[in-house]
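Observations on the model geometry
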Amino acid sequence: MRGILADTLVRFLPERRNLLNLSFSLGDETRLETLLADAGFRDIHVERETRTDTLGSFDEYWLPIEAGTGSIPQCYLALDDDDRRLVRDEAKAKLAQFGTEGKLTMSVELLIGRGHA
């Protein structure tokens with residue numbers, strides 16, 4: 001749900017590209033399975049799931065970002081006021097595609113890995 005914000009911030013903070021994309025680095029099933037195997041797990045099973053969430057408004061989406069919850073919001077807060085306003089406006093415009101009647105409905109794809117130690 002924060003991919004759009006991360007992509008926007010990379011333009012303002014290119015030196016933080018790796019940090020901004022860190023939470024998306026486990027999007028490959030084979031990579032996750034290898035990491036679990038390297039950690040000593042066996043009988044590993046990795047599955048992809050899609051979940052949908054609806055937020056009451058853009059402001060509800062933006063509240064934890066302004067609160068600095070997580071590395072992506074921390075990068076946002078490191079910007080000066082003018083750049084924060086530009087990032088917010090751009091993110092809001094891009095997120096509008098997920099809006100219906102003022103609400104934001106977004107799908108999140110995630111990998112779930114499990115195994116035995």
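Calculation rules
Residues numbered from 1 in each chain as written. Predicted model: local features only at pLDDT ≥ 70, side-chain atom pairs only at ≥ 80, totals over all residues. Heavy atoms only, no water. Helix = DSSP H or I, 4+ residues; strand = E, 2+ residues; numbered from the N terminus. Buried < 20%, exposed > 50% of the residue type's maximum accessible area, 1.4 Å probe, protein only. Phe/Tyr/Trp six-rings, centres within 6.5 Å; stacked < 30°, edge-to-face > 60°. Axes fitted to C-alpha atoms, helices over the stretch in contact; angles between N-to-C directions. Parallel < 35°, antiparallel > 145°, perpendicular 65-115°, else oblique. Left-handed = near helix turned anticlockwise from the far one by under 90°. Contact = heavy atoms within 4.5 Å. Pairing = 2+ DSSP bridges. Core = buried A, V, L, I, M, F, W, Y, C linked by side-chain atoms within 4.5 Å. 1 Å grid on protein atoms, 1.4 Å probe; cavity = no way out; pocket = protein on both sides within 12 Å on 5 of 7 lines; lining within 4 Å. Points joined across faces, edges and corners; volume = space filled by probe spheres on them. Nonpolar A, V, L, I, M, F, W, Y, C, P; charged D, E, K, R; others polar.

1. Quick word on unusual backbone geometry
Even without being a glycine, Asp-43 presents a positive backbone phi close to 50°. With respect to the secondary-structure elements, Asp-43 resides in strand E1 (residues 42–55). Take Asp-43: its relative accessible area is 57%, and that puts it in the exposed class. The residue Glu-101 is not glycine, and still its phi comes out positive at about 55°. Along the chain, Glu-101 falls in the loop between strand E2 (99–100) and strand E3 (103–116). A relative accessible area of 81% means that Glu-101 is categorised as exposed.

2. Re the packing of aromatic side chains
For the structure on display, the rule yields four aromatic pairs. Relative to Trp-62, the ring of Tyr-61 has its centre 6.2 Å away and its plane inclined at 35°; by these criteria the two rings are tilted. One exposure class covers both Tyr-61 and Trp-62, and it is buried. With centroids separated by 5.2 Å and ring planes inclined at 85°, the aromatic side chains of Trp-62 and Tyr-76 adopt a geometry described as edge-to-face. Of this pair, Trp-62 sits in helix H4 (residues 58–66) while Tyr-76 sits in helix H5 (residues 71–77), and the two are 14 residues apart along the sequence.

3. Structural notes on the packing of H4 against helix H6 (residues 81–95)
In the contact formed by H4 and H6, the axes pass within 11 Å of each other and the chain directions differ by 140°. Our classification of the angle between H4 and H6 gives oblique. Relative to H6, H4 is oriented so that their crossing is right-handed. Across the interface between the two elements, Phe-58, Asp-59, Tyr-61 and Trp-62 of H4 pack against Val-87, Arg-88, Ala-91, Lys-92 and Leu-95 of H6.

4. With respect to the pairing of E3
Alignment of E1 against E3, held across 12 bridges, turns out to be antiparallel. Within the sheet, the bridge partner assigned to Arg-48 lies in E3 and is Leu-111. Where E2 and E3 come together, two bridges link them in antiparallel fashion. Paired with Gly-99 across the bridge in E3 is Leu-104.

5. What to know about the nonpolar core
If you look at the biggest cluster of nonpolar residues, it comprises 21 residues, and the most contacted ones within it are Leu-5, Leu-9, Tyr-61 and Trp-62. Elements with a contribution of two residues or more to this core: helix H1 (3–12), H4, H5, H6 and E3. Sequence-distant contacts of Tyr-61, defined by excluding residues within four places in its chain, comprise Met-1, Arg-2, Leu-5, Leu-55, Leu-95, Leu-104 and Met-106.

6. Overview of the layout of surface pockets
Over the atoms, a rolled probe matching the size of one water molecule traces out where space is still vacant. Approximately 460 Å³ is the volume attributed to the largest pocket. Surrounding the largest pocket, 22 residues form its lining, Met-1, Ser-23, Phe-24, Val-108 and Glu-109 being those nearest its centre. The set of elements that each furnish at least two residues to the lining of the largest pocket consists of H1, H5 and E3. Here the element with the most residues in the lining of the largest pocket is E3; it accounts for six residues. Classifying every residue of the lining of the largest pocket by side-chain character gives 13 nonpolar, six polar and three charged.

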